[in-house]
Amino acid sequence: MSVGKRLSFLIAYLIPSLAVAGYYLGGSFNFLTLAVVFGILPIMDLWIGPDAINPKEEDVPELQKEFYFRFLTYGWAWIQFALVIWALWEVQTNALSSLEWFAFVLAIGVNTGGIGITVAHELGHKNTKIEQWYSKFILMTVCYMHFFIEHNRGHHVNVSTHEDPASSRKGESFFVFYPRTVFGSLTSAWNLEKKRLGKLGKSSWTFDNEMITSMIIPVLFISAVTGIFYAITGNLNWQVPAFFFVQSWIAFSLLELVNYIEHYGLARKELSPGKFEKVLPIHSWNQNFSLSNAFLFQLQRHSDHHANAGRRYQSLRHFEESPQLPWGYELMILLALFPPLWFKIMDKKLEEWEKQHGETSVNSSGKREPATA
């Protein structure tokens, strides 16, 4: 891997500085993070272009071991924690206008969701205790710790089937998908833990149930922070927990927007009732713009991630046969918020995928549709 590509992953570290700079500049400058992420980055994506270069397979074993790439994810965990604590302290100690509060919470949510949950996702797939701890540590700051349970043991098993709440269906708008995936993932995580504990002969109503602790820990965290701030300032400020929960909502909503984009309409063949074909690179939407891929730790090479979940982000490959998104996630997120435009662009691409692979898609009712002739 070239030095330039190695260093490109540091771009993620620039985004928190935008939130800090925007805050201290004040007023509408708090929108600086959104302007850069959803305005400047997509333009630079188009200017710089895609990167279809894959690592040489003989280099992958050593590439996977390099601590530099893990250090970047470990470092992000502490930056996110510091960013959240700092933001809460500023809310505690300074009076913000409604516009500043709104823009500031959006800026923090873009950091904790757009990059933070991406890093938590990467770490949560690894089998080392330290990486799994960091994943949960990050997810605590966005009140979405159950993602660790459902994503690894639910989504990756059921992806691109009607059984997966995180796989969006053809003709399903994001606004219909959103409640289905949020509540569906909660239900799925609970059922997965219930099944795991049942095999151990334990009740679901125990602190051994990670679903229960995933609900309690973020509340304990923000309660402790609010209490410490009260002890320091003598002011019990309700805006502190309010800000924390709002930025969490923004963060996990960004995650679900990305989920919506990554598998829209794609379906695996059902070989027999309840048994589906192996997950292949054709079952995830892919995008290869080099800048946004660096910004998101190559999350947009999602096809390889699902086909080979053990590969670390630096080793993920581009597959030409994977269905390709027209733009990076930043623009695709904005597109998903306008369903008529989304359907006009993405349904056409989905039909092309169906013709090319002779596959079927899953429609909004969960039924499989034959490929268009």
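Residues numbered from 1 in each chain as written. Predicted model: local features only at pLDDT ≥ 70, side-chain atom pairs only at ≥ 80, totals over all residues. Heavy atoms only, no water.

A.B. asks: Report on the UniProt feature "domain: Fatty acid desaturase" (unreviewed entry) in the protein chain, specifying residues and quantitative values.
C.D. replies: As annotated by UniProt and renumbered to match this structure, "domain: Fatty acid desaturase" (unreviewed entry) occupies residues 101-324. Annotation note: span residues 101-324, helix share 60%, strand share 2%, distance between end C-alpha atoms 37 Å. (UniProt positions renumbered as here; feature names shortened; annotations may be inferred. Helix = DSSP H or I, 4+ residues; strand = E, 2+ residues; numbered from the N terminus.)

A.B. asks: So what about the packing of helix H8 (residues 147-158) against helix H9 (residues 174-199)? Which residues, and what values?
C.D. replies: Taken N-terminus to C-terminus, the directions of H8 and H9 make an angle of 80°; their axes are 9 Å apart at the nearest point. If you check the angle between H8 and H9, you find them roughly perpendicular. Side by side, H8 and H9 meet where Ile149, Glu150, Arg153 and Gly154 of the first sit next to Ser185, Ser188, Ala189, Leu192, Glu193 and Arg196 of the second. Partitioned by chemical class, the residues of the contact of H8 with H9 number three nonpolar, three polar and four charged. (Axes fitted to C-alpha atoms, helices over the stretch in contact; angles between N-to-C directions. Parallel < 35°, antiparallel > 145°, perpendicular 65-115°, else oblique. Contact = heavy atoms within 4.5 Å. Nonpolar A, V, L, I, M, F, W, Y, C, P; charged D, E, K, R; others polar.)

A.B. asks: How would you explain the pattern of salt bridges if you had to name every residue and give the values?
C.D. replies: Throughout the structure, instances matching the rule amount to 16 salt bridges. Across the pair Arg180 and Glu172 runs a salt bridge, and its minimum N-O distance is 2.8 Å. Residue Arg317 is joined to Asp304 by a salt bridge in which the shortest nitrogen-to-oxygen separation is 3.0 Å. You can see Arg317 sitting in the loop between helix H13 (302-307) and helix H14 (329-336) and its partner Asp304 sitting in helix H13, a full 13 residues away along the chain. Overall, the relative accessible area of 16% leaves Arg317 in the buried class. Judged by its relative accessible area of 0%, Asp304 falls in the buried class. Where salt bridges share partners, they join Glu57, Asp304, Arg311 and Arg317 into one cluster. (Salt bridge = Lys/Arg side-chain N within 4 Å of Asp/Glu carboxyl O. Buried < 20%, exposed > 50% of the residue type's maximum accessible area, 1.4 Å probe, protein only.)

A.B. asks: Residues and numbers for the side chain of His146, please.
C.D. replies: Residue position: His146 is located in the loop between helix H7 (129-140) and H8. Look at His146 and you get buried, because its relative accessible area is 1%. Within polar-contact distance, the side chain of His146 engages the side chain of Ser185 at 3.4 Å. Among residues more than four places away in sequence, those in contact with His146 are Ser185, Leu186, Ala189, Met211, Ser214 and Met215. (Polar contact = N/O pair within 3.5 Å; in protein donor to acceptor, adjacent residues only side chain to side chain.)

A.B. asks: Outline helix H3 (residues 32-48), supporting the account with residue identities and numerical values.
C.D. replies: Because the α-helix completes a turn every 3.6 residues, residues three or four places apart line up on one side. Helix geometry: H3 is bent most strongly at Ile40, by close to 30°, with proline Pro42 lying one to four residues after it. Turning to H3, its buried residues number three or more, namely Thr33, Val36, Val37, Phe38, Leu41, Pro42 and Asp45. On the buried face of H3, the contacting elements are helix H2 (14-25), helix H6 (98-124), helix H11 (239-262), helix H12 (290-295) and H14. With its phi angle positive at about 90°, Gly49 sits one or two positions after the end of H3. (Bend = angle between axes of the 7 residues up to and from the residue.)

A.B. asks: Mind laying out the UniProt feature "transmembrane region" (unreviewed entry) in the protein chain, listing which residues take part and the relevant values?
C.D. replies: Here the UniProt feature "transmembrane region" (unreviewed entry) sits at residues 7-25, 31-48, 68-89, 101-121, 212-232 and 238-261. Along residues 7-25 one finds 74% helix and 0% strand; the C-alpha atoms at either end are 28 Å apart. Summarising residues 212-232: 100% helix, 0% strand, and an end-to-end C-alpha distance of 31 Å.

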